[in-house]
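Close look at the chain arrangement
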Amino acid sequence: MGQALLEEIQKGTKNATMKRRIVTHFIYNGDATITDLAKDMDLSIPTITKLIDEMCSDGYVDDNGKLETNGGRHPNLYGLNPDAAYFLGVVVSKSYLNFCVVNFRGDVLDYKSHIPFVKENSVECLDRMCSEILAYIDSLPYNKDKYLNVCISLHGRVNPYTGCSFGTFNFAQTPVSEMVSERIGLNVCIDNDSRTTAYGEYMKHSVKCPKNVIFINLSWGLGLAIIIDGKLYNGMSGFAGEFGHNYGYDNQQICHCGKKGCIETEVSCYALYRKFIERLKKGESSVILNEKKIEDITLDDIFDAVAREDVLAIELVEEIGRELGRHIGSLINIFNPEQVIIGGELSIAGDYLLHPVISAIRKYTLNMMYRDSDIILSELKESANAIGSALLARSNVFVI
């Protein structure tokens with residue numbers, strides 16, 4: 001059914017376009033009655049009824065029975081058939097891979113994290129990643145023919161339109177998406193990790209997210225994703241969101257992009273780690289020194305120290321929070337979003353990060369703007385990226 005579904009929905013005919021619009025409605029709004037669909041799509045009830053009947057017959061829409069109402073006729077409720085198709089999300093990190101599979105309804109079927117992997121810019125590394133993807137697919141009880149798309153989340157500048165990455169696997173002129181697709185035998189797309197993570201948060205938040213959101217990806221770097229009217233904003237070349245590479249400080253710190261003074265040199269996990277080690281070398285104390293030498297300390301150790309109320313670790317996290325809040329204040333003044341979500345690795349610090357962020361936003365943002373924006377931490381945390389990648393694999397095929 002999987003490939004037949006893909007071929008039917010992508011024919012480009014008027015009928016196929018209307019069916020994609022119906023699938024889009026189900027993806028963003030859940031199950032619906034024929035009356036709901038007709039109203040949303042501005043089509044007649046007989047037209048919607050005909051389309052839904054065809055989609056039910058083809059097996060990718062289910063009749064979920066009568067909707068309970070107060071009096072009158074009980075209309076039938078329709079929704080996506082969860083077993084009609086599957087979608088895979090792949091997160092490529094510096095030292096591990098994360099995987100997630102969702103069904104056609106967007107339900108998470110499987111999530112696997114921290115598969116050991118050393119990211120390198122080489123053909124051999126690409127081959128290892130593809131082997132891990134195939135091994136993961138083979139380990140699951142789902143028909144491979146029903147996997148309609150794979151979305152790979154990569155750090156740095158990524159053009160989702162062309163499938164090219166300019167920071168990872170950029171050793172050939174062939175787009176990354178094509179190279180991976182050839183090796184695993186499935187449709188493949190790629191996107192930037194900030195956008196995939198933001199999409200996971202947006203689609204899977206316990207309370208439905210507003211339609212205008214800024215997502216801050218506070219990890220080793222500092223990324224940004226923008227959701228406008230419920231849709232990810234990619235920019236002209238897919239590079240929108242390089243927030244961390246705006247000039248922010250006269251600190252002479254060289255960013256990994258090669259420029260000096262980028263915001264992420266002071267606001268990122270990299271900045272936290274650098275400052276923590278520098279302060280220890282200057283003679284300051286930390287609970288970690290009771291267990292490890294300075295040269296053996298990792299970022300996870302610093303997060304653990306925050307959880308143990310280590311004074312130095314908390315001080316540095318709060319300092320980064322204040323600086324982040326100042327820069328988010330500028331974004332709020334520009335975009336006037338309904339919500340700002342702070343995610344990424346450093347969001348694990350919780351209120352130690354959030355409270356100084358909010359305090360700085362109040363200081364540096366126009367009052368009317370600040371009151372309109374809800375500032376929250378990521379709900380899905382580490383899993384958001386893989387889940388978002390899988391859901392984006394689905395949306396890239398079906399959403400109009």
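Just above, that's the structure.
Residues numbered from 1 in each chain as written. Predicted model: local features only at pLDDT ≥ 70, side-chain atom pairs only at ≥ 80, totals over all residues. Heavy atoms only, no water.

**Details of the overall build of the protein**
Rules: Runs of E in the DSSP output that reach at least two residues are strands. Runs of H or I that reach at least four are helices, and both are numbered from the N terminus. Each radius of gyration reported is based on C-alpha atoms, and the globular scaling rule is 2.2 Å times the count of residues to the power 0.38. Working definition: with a 1.4 Å probe on protein chains only, accessible area under 20% of the residue-type maximum means buried, over 50% means exposed, and in between means partly exposed.
Within the protein, the regular secondary structure consists of 13 helices and 14 strands. Taken against the 2.2 N^0.38 rule, which gives 21 Å for 400 residues, the C-alpha radius of gyration of the protein at 23 Å falls within 12% of a compact globule. Dimensions of the protein, computed from C-alpha atoms along their principal axes, come out at roughly 75 × 55 × 40 Å. In the protein, which comprises 400 residues, the proportion classed as buried is 54%.

**Observations regarding the sheet that holds strand S10 (residues 213-218)**
Formally: Only strands joined by at least two bridges in the DSSP assignment are considered to pair. Axes here mean lines fitted to C-alpha atoms, for a helix over just the part in contact, with angles spanning 0 to 180 degrees between N-to-C directions. Contacts: residue pairs with any heavy atoms within 4.5 Å of one another.
Spatially, the five strands line up as an open sheet ordered S12-S11-S10-S13-S14, and their pairing is mixed. At either end of the open sheet lies a strand with only one pairing partner, and these are strand S12 (231-233) and strand S14 (374-377). Sheet twist, expressed as the average angle between the axes of neighbouring strands with direction ignored, equals 25 degrees. Here six bridges tie S10 to strand S11 (residues 222-228), and the two strands are oriented antiparallel to one another. Across the sheet, Val 213 pairs through a bridge with Ile 227, a residue of S11. Packing against the sheet, helix H7 (residues 193-204) makes contact with S10, S11, S12 and strand S13 (339-343), and its axis sits at approximately 50 degrees to S11.

**Comments concerning the state of the cysteines**
For the record, the criterion: A pair of cysteine sulfur atoms is labelled a disulfide when the two atoms are within 2.5 Å.
Summed over the entire model, instances satisfying the criterion amount to zero disulfides. For Cys 255, which is in no disulfide, the shortest distance to another cysteine sulfur is to Cys 257 and amounts to 3.7 Å.

**What to know about the packing of H7 against helix H13 (residues 384-398)**
Packed helices, taken two at a time, are described by their axes: the angle between them and the distance between them. Applied cut-off: Any angle that falls under 35 degrees is termed roughly parallel, while one over 145 is termed roughly antiparallel, one within 65 to 115 roughly perpendicular, and all others oblique. Only Asp, Glu, Lys and Arg are considered charged, only Ala, Val, Leu, Ile, Met, Phe, Trp, Tyr, Cys and Pro nonpolar, and every remaining residue, Gly among them, polar.
At their nearest, the axes of H7 and H13 sit 7 Å apart, and the two run at 85 degrees to each other. In terms of axis orientation, H7 runs roughly perpendicular to H13. The residues of H13 that touch H7, namely those facing Asp 193, Thr 196, Thr 197, Tyr 199, Gly 200, Glu 201, Met 203 and Lys 204, are Ala 384, Asn 385, Ile 387, Gly 388, Ser 389, Leu 391, Leu 392, Arg 394 and Ser 395. Tallied by class, the residues present in the contact of H7 with H13 amount to six nonpolar, seven polar and four charged.

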